[in-house]
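What follows is each chain in one-letter form.
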Protein chains: 2
Amino acid sequence: MRIALDAHGGDYAPDAVVKGIRLAAGEWPDTTFILIGRDETMLPNGISNLEFRLVSEQIEADDEPVKAVRRKKDSSMVVGCQMVKKKEADAFISGGNTGALMAAGLFYTGRMKGVDRPALAPVFPTLSGKGTLVLDVGANPEAKPEHLRQYALMGSIYAEKVLGYSEPRVGLLNIGTETGKGTELTKEAFSLLEKEQSIRFIGNTEARDVLTGPCEVLVCDGFSGNILLKNTEGVAKAIFDRLKQEFTRSWTNKLAAAVLAPGLKRFKKDMDYKEHGGAPLLGLGGPIIKAHGSSDAKAFYNAVRQARLFIEQGVISQIEQELSKHRGVDE
Amino acid sequence: MRIALDAHGGDYAPDAVVKGIRLAAGEWPDTTFILIGRDETMLPNGISNLEFRLVSEQIEADDEPVKAVRRKKDSSMVVGCQMVKKKEADAFISGGNTGALMAAGLFYTGRMKGVDRPALAPVFPTLSGKGTLVLDVGANPEAKPEHLRQYALMGSIYAEKVLGYSEPRVGLLNIGTETGKGTELTKEAFSLLEKEQSIRFIGNTEARDVLTGPCEVLVCDGFSGNILLKNTEGVAKAIFDRLKQEFTRSWTNKLAAAVLAPGLKRFKKDMDYKEHGGAPLLGLGGPIIKAHGSSDAKAFYNAVRQARLFIEQGVISQIEQELSKHRGVDE
């Protein structure tokens, strides 16, 4: 198995990427890692299952995605997607510009058969520590009911094969739990999802309940999903920042905080996206995973774990089979 | 000034309503309160500026809004809106069924001149404790760009006159800060808002930043606003619940938590919607305020404070003037 990683993606790249590879290379000696970067000196010593692919360009976080992918043909991101296309790599992981990764993925690997719109599908932390796969969180700001149906099918298979949930429950993000709530999109999507035999649809799910994990797969249009993702991050960060202030306000507070620290750390860990790896671009023609922009070594290591399952379990062909079956039934 | 309150709206009604009136009646002896309820025995003694209006019905939280308003003509909610219409009350406050309150408001008081869609506009807590007015959070799941323009104008006037912000900043909820981000709706709304001379538009605002208060007025379609509202509530509740667990896990933890308690209470208070009163149904023909379903006496008291400013400052005529001016310019 060959997994390529973008040396130039993410806030702590290339250091975090290299350290992540070191962790992963030790654990999975059957896997060959390919680091794609602009400077061979970053290559660490003593890892036998690591190769290097030299490129001359890199796509920046604030580059305009489509333009960057067109112009920077020898960037780590474009080359990574090309390698997946040419089967020189079985999967590609990048912590870089999400829009550019999606554009490069679409351009070089295309879409799975039967998928109209690939989705960005991160795992949201839940209080149980297990997580919920949410799709889409912004690859496509606007969606049609049929897209949400495809998200539900893709998400169910991924949640089962990669996240290890058996018969994952699927929820539809909505502004009320009753049938008939929401927009034209959610109303029509509800009736499509209700008819799907091969998913376990549990109905509408409200944004206030996501963290308590009522479902393992949550489908929504990319605009709403992005609001949900960023708001969850923002509220959690704001609260933890404020707690930190309280905990360091005086020496008595510091002492008290020290007593509580182990439990709070456990909690922060449960709530940490880094434990869950990256977000697959589900629906692309190859396994391409977006690691969070602030990924550390552990996050890249977890993204590798996830990429391995993605490949081993044949997620793409399973989804294509499922979608073709359903198209057949509909027609 | 005459302010009517629904005795049957909210989880702690009628107790919380009656106690809220007691607080408010003491502070504002110039105001006459009218409690609308099904049972005169709930009327407290010793409040000279309190009247009672007996009704025979009440609208329940799970009633279908439009049907309930049509059928329960002698309910506290319908009678409250009728009183505003007939000028028997200058404002009406209810903690009940939001959809029914909007339906009754529309049916009896109509819309302000120039407003296509009234919006539900709660104040979101921000870390500073000052709060951001968000509209709409679900009165209209779907919106057109022109609706967002009207929300921005209404919200700016309300934020200035009732919340006391001078030149409030207006943000557009979006999935990126750059111009050109988002859906057709946000792109078109952006260009309308940019042209508005009488508001202080600061551009796109991301969901992760809302709590830090980059703007005093945030506009969005009702679906996204509802996601934002409920997710903020859900994440904050989940984190505080989990903290509580940690704080009571052992006697050492309990001791440590006791040391930290005053600061945490201050924080919880800053984050508490009850400090900010209720959500006006902005755009209705009369001052109608939705108090949060879990309002306590203090929340009803704060809703009264808010209703008084709403009336005193002539918010409705100011909005109508502003909108007519703009319509004039456009045509």
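Residues numbered from 1 in each chain as written. Chains lettered and ligands numbered in written order. Predicted model: local features only at pLDDT ≥ 70, side-chain atom pairs only at ≥ 80, totals over all residues. Heavy atoms only, no water.

**Details of the relation of the copies chain B and chain A**
Then, number 1: Between chain B and chain A, the superposition needs a rotation of 180° and an axial shift of 0.0 Å, giving an RMSD of 0.1 Å. Such a combination of turn and shift is consistent with a two-fold rotation axis. Minimal C-alpha separation from the rotation axis in chain B is found for Ala256(B), amounting to 2.1 Å.
Then, number 2: By residue overlap, the copies meet face to face through one surface: 100% of the interface positions of chain B are interface positions in chain A. (Least-squares fit on C-alpha atoms with pLDDT ≥ 70 in both. Contact = heavy atoms within 4.5 Å.)

**So, the side chain of Asn204(A)**
Residues and elements named next belong to chain A.
Then, number 1: The residue Asn204 is located in strand E9 (residues 200-206) in this model.
Then, number 2: A polar atom in the side chain of Asn204 sits 3.1 Å from the side chain of Asn174.
Then, number 3: Within the structure, the side chain of Asn204 is placed 2.8 Å from the backbone oxygen of Glu178, a separation counted as a polar contact.
Then, number 4: With near-sequence residues (within four places) excluded, Asn204 lies in contact with Leu172, Asn174, Gly176, Thr177, Glu178, Thr179, Lys181 and Phe190. (Helix = DSSP H or I, 4+ residues; strand = E, 2+ residues; numbered from the N terminus. Polar contact = N/O pair within 3.5 Å; in protein donor to acceptor, adjacent residues only side chain to side chain.)

**Concerning the domain arrangement of chain A**
When the parts of a complex come together, some accessible area is lost, and that lost area is often taken as the interface size.
Residues and elements named next belong to chain A.
Then, number 1: What the domain assignment reports for chain A is domain 1 (1-115 + 283-316) and domain 2 (117-276).
Then, number 2: Between domain 1 and domain 2, roughly 1600 Å² of surface is buried when both sides are summed, and carbon and sulfur atoms account for 65% of that area.
Then, number 3: Where domain 1 meets domain 2, there are zero salt bridges.
Then, number 4: Contributing elements (two or more residues each) for the side of domain 1 that touches domain 2: helix H4 (98-109) and helix H9 (297-312).
Then, number 5: Broken down by element, the residue count for the side of domain 1 that touches domain 2 peaks at six residues, all from H9.
Then, number 6: By residue class, the composition of the side of domain 1 that touches domain 2 is eight nonpolar, nine polar and four charged. (Domains from an automatic or database assignment. Buried area = accessible area lost by both parts, 1.4 Å probe. Salt bridge = Lys/Arg side-chain N within 4 Å of Asp/Glu carboxyl O. Nonpolar A, V, L, I, M, F, W, Y, C, P; charged D, E, K, R; others polar.)

**Points about the state of the cysteines**
Residues and elements named next belong to chain A.
Then, number 1: Applying the stated criterion across every chain, the model contains zero disulfides over all chains.
Then, number 2: Here Cys220 is not disulfide-linked; the sulfur of Cys215 is the nearest cysteine sulfur, at 10 Å.
Then, number 3: For Cys220, a relative accessible area of 2% gives the class buried. (Disulfide = S-S within 2.5 Å. Buried < 20%, exposed > 50% of the residue type's maximum accessible area, 1.4 Å probe, protein only.)

**Quick look at the confidence of the model for chain A**
Then, number 1: Of all residues in chain A, 98% have pLDDT values of 70 or greater, and the mean over the chain is 92.
Then, number 2: Across the whole predicted complex the pTM is 0.92, and at the interface the ipTM reaches 0.91. (pLDDT = per-residue confidence, 0-100.)

**Quick notes on empty space enclosed by the protein**
Then, number 1: Per the stated rule, a full pass over the model turns up one cavity of 30 Å³ or more.
Then, number 2: Counted as a void, the largest cavity has a volume near 30 Å³.
Then, number 3: Lining the largest cavity are Phe223(A), Leu148(B), Leu172(B), Leu173(B), Leu185(B), Thr186(B), Val219(B), Cys220(B), Asp221(B) and Ser224(B).
Then, number 4: Here the residues of the lining of the largest cavity sort into seven nonpolar, two polar and one charged. (1 Å grid on protein atoms, 1.4 Å probe; cavity = no way out; pocket = protein on both sides within 12 Å on 5 of 7 lines; lining within 4 Å. Points joined across faces, edges and corners; volume = space filled by probe spheres on them.)

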